[in-house]
Amino acid sequence: MSRPVLEIKNLSCSVDHKEILHGINLTVRGGEIHVIMGPNGTGKSTLASTLMGHPSYKVNGGQALLNGEDLLAMPVDERARKGLFLAMQYPAEIQGVTNADFMRTAMNAKLPADHQIGVFPFRKALNQAVSELEMDASLPDRYLNEGFSGGEKKRNEILQMKLLKPAVAILDEIDSGLDIDALRIVGQNVTRMAQDRGEEMGLLLITHYQRLLDYIVPDYVHVIMNGRVVRTGDKELAEKLERDGYEWLRQEAGLEAEPSGSETAADLLSGLPL
Amino acid sequence: MRNIDKIRTSLGLDNIYGLYFSHKGLSSLMPLQRQDRPGGRAADPKCDPLTASCQRDGMSLEPIASPEPEELALFRPVEIEQKKKELNRPLPVDCETQAYRLRISPVGHQVNLPVYLAGERPAATYLDITLEPGAEAAITLVTAKTEEPIFLNISLEENSRLDLNLIKMPGYISWQLLSYRVAVATGASLRQHAVNLDSSVYQAGQVFLRGEGAEARTQTAAFVNSFESQRFDMTIRHEVPHTVSDMFNHGVIMAEGFGCFAGRGVIIKGAYGSKADQDSRFLALDPAAKAEAYPVLIIDEYDVEAGHAGSVGQMDAESLFYLQSRGLTLDEAHSLITAGYLFPILHDMARCVPALKQTVAYLQQRVIEKVSL
């Protein structure tokens, strides 16, 4: 597999006729780990949902290219089959569909009709991933996310990422709702996968807290404020933000405090029932 | 191959007892194992072919006098909603009836008893079923091409337990009219699963919880195709303290189809400590589909727990996005969500009656075929 590259060029988008992103520029290559941080309501989750093609978000301008192909022109499922993966902040619960049936269907969706994965290789891969994530052995036969705790849902997103082997994975606040042990398990699994796959996979993490970065060491840390990337640095930038907050950066960038309410609601829209 | 053989083979019900009905009426109470009937049905030495009376392993079956019209009138459900739609085929009460009494005694093992009602029967069928104290039974009523009404009058005596499965065989298009009344005594329990994946149907149930600790849990899975009408009326009446009921109904409706779940939980004065829940939902796949859900509670006692929910809606956009984000096409996501809407009821039926696993697998496959169109 060649080294993937996700290029985001001057991307702007809106939700409910309100522009949230005002020109995002970012490039994620295989083998790189990027982290996006920023105050509530600045557009982090909006960026993730827009890249995946959530129907609530309208692209106003700019480009998003995956390996040179126009991502924004593709339907959601095609983006996924091209190798984009979004671990969601609020995964949907699907009654009556078992995790195992869903995962096998999703894996086969990326494979040609004459190379579909068989039951036994699939169960072997699934059981191994369940074990590595220290999940309940009954999870594959439970309905997709139904009745899962917040932590189980997040681990289930990582389970899917492990099995689907995406080219570029976006993890939207994968650390929220995780207890200390679960955070360690998720962090270690993501890091191991990044190491194993090397340049075959790029990672874009969205988080509020530096603690996740104790387990997943980033190459780049970007700060989004007011719908734009206002600063890019390395792990030390995340540590400074954890220590000092965002106010110094806001002043440095000459930004006004973002209004709470509408923008926060727009960010929270991703994952909520429409 | 005759209908009955096709049904039995499809559902995997070969090795359990069957009440076998043909166009001539009741045949016998007999094991339906293939080896018993190499060249046709073998004579059953425990059945009298003249009277159709049978006794086997703690079960007895005998013909009884047809019920009077006023008895059959009790099977008509109570009006739940004044504006409810008139049925094309209301439940008749003055029809010719073939009536039988089945008694099941506690014999130390569970009885699985599929009742086949296949072919065109000349008259309505009335079954009076009693589970004696402590008896446990699973009765699976499989109907195929049948137009005549079916009445079940069931008595669950102390500490007995009945799994009642009402399956309309997919692929046999006909109107189905089915009504049942169940009296549940102290410590006894009813678990009912109804599955109808095609054909118009009118199914009415009335359950009377008459002894402390009595329980009734009913689940219905309905797939309503275009131009079909499916209506399910269910009343559960709590008449004594500490009784429990739970109704759970899920339906999927295609274009121009009509579906209705009318649930009525009644807790009378004095039935304190009782618990009544109901949840009825329809998934409409097309704007032309019509559905009604009435989760009605009538409570005349303070110290009770009760909850009800009902909804008619279209597919959740967030669920579709989630499945598509994993590479499933929109059609594949639609199919998976639609099938998943009915599968919990089928899975629960297999969990309650393991002998029906092959039956459930067959029904699941039919659902998948329908949603893959």
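This text follows the structure it describes.
So, here's what we can say about the structure. Everything numeric in this text was worked out from a predicted model, so none of it was measured.

Thoughts on the sheet that holds strand β1 (residues 5-15) of chain A
All names here are of chain A. A sheet is described by the order of its strands in space; here four strands give the open sequence β2-β1-β4-β5, paired in antiparallel fashion. The open sheet has two free edges, formed respectively by β2 (18-29) and β5 (69-70), since each of these has just one partner strand. With eight bridges joining them, β1 and strand β4 (residues 57-66) adopt antiparallel strand pairing. By the bridge assignment for β4, E7 is matched with L65. Of the strands in this sheet, β1, β2 and β4 are in contact with helix α1 (residues 44-52), which crosses β1 at around 110°.

Some remarks on the environment of A:S14
Residue and element names in this part refer to chain A. Position of S14 relative to the elements: it lies in strand β1. We classify S14 as buried; its relative accessible area is 8%. Once the C-alpha coordinates of S14 and T50 are considered, the two residues, 36 residues apart in sequence, prove to be 9.3 Å apart. Excluding its chain neighbours within four sequence positions, the residues that come into contact with S14 are E19, I20, S56, Y57, K58 and N60. Among the polar contacts made by the side chain of S14, one reaches the side chain of N60 at a distance of 3.4 Å.

Let's talk about helix α3 (residues 99-109) of chain A
The periodicity of an α-helix, 3.6 residues per turn, causes residues three or four places apart in sequence to face the same way. Where burial is concerned, most of α3(A) is hidden: eight out of the 11 residues are buried. For α3(A), every residue scored as buried is listed here: A:N99, A:A100, A:F102, A:M103, A:A106, A:M107, A:N108 and A:A109.

A short note on the interface of chain A and chain B
Taken together, the contact pairs 34 residues of chain A with 22 residues of chain B. Between chain A and chain B the total buried area reaches about 2,200 Å² when both faces are included, carbon and sulfur atoms providing 67% of it. Taken together, the links from chain A to chain B amount to one salt bridge. Close ionic contact of A:E157 with B:R326 constitutes a salt bridge, the shortest N to O distance being 2.6 Å. Where chain A touches chain B, the interface holds nine residue pairs in polar contact (both at pLDDT 80 or more). Residue assignment for the side of chain A that touches chain B shows that the elements contributing at least two residues are α2 (76-81), β6 (84-87), β7 (94-98), α3, β8 (143-144) and α5 (150-164) of chain A.

Let's talk about the sheet that holds strand β10 (residues 202-206) of chain A
Residue and element names in this part refer to chain A. In space, the six strands of this open sheet follow the order β6-β9-β10-β3-β11-β12, with mixed pairing throughout. Because the sheet does not close on itself, it has two edges, and the strands there are β6 and β12 (228-233). With direction set aside, neighbouring strand axes in the sheet form an average angle of 20°. Looking at chain direction, strand β3 (residues 33-37) and β10 are connected through four bridges and run parallel. By the bridge assignment for β10, I33 is matched with L203. The strands that α1 touches are β3, β6, β9 (168-172), β10 and β11 (220-225); relative to β6, the one it contacts most, it runs at about 140°. Packing of α5 onto the sheet brings it into contact with β6, β9 and β10, and relative to β6 it is tilted by some 165°.

Calculation rules
Residues numbered from 1 in each chain as written. Chains lettered and ligands numbered in written order. Predicted model: local features only at pLDDT ≥ 70, side-chain atom pairs only at ≥ 80, totals over all residues. Heavy atoms only, no water. Pairing = 2+ DSSP bridges. Helix = DSSP H or I, 4+ residues; strand = E, 2+ residues; numbered from the N terminus. Contact = heavy atoms within 4.5 Å. Axes fitted to C-alpha atoms, helices over the stretch in contact; angles between N-to-C directions. Buried < 20%, exposed > 50% of the residue type's maximum accessible area, 1.4 Å probe, protein only. Polar contact = N/O pair within 3.5 Å; in protein donor to acceptor, adjacent residues only side chain to side chain. Buried area = accessible area lost by both parts, 1.4 Å probe. Salt bridge = Lys/Arg side-chain N within 4 Å of Asp/Glu carboxyl O.

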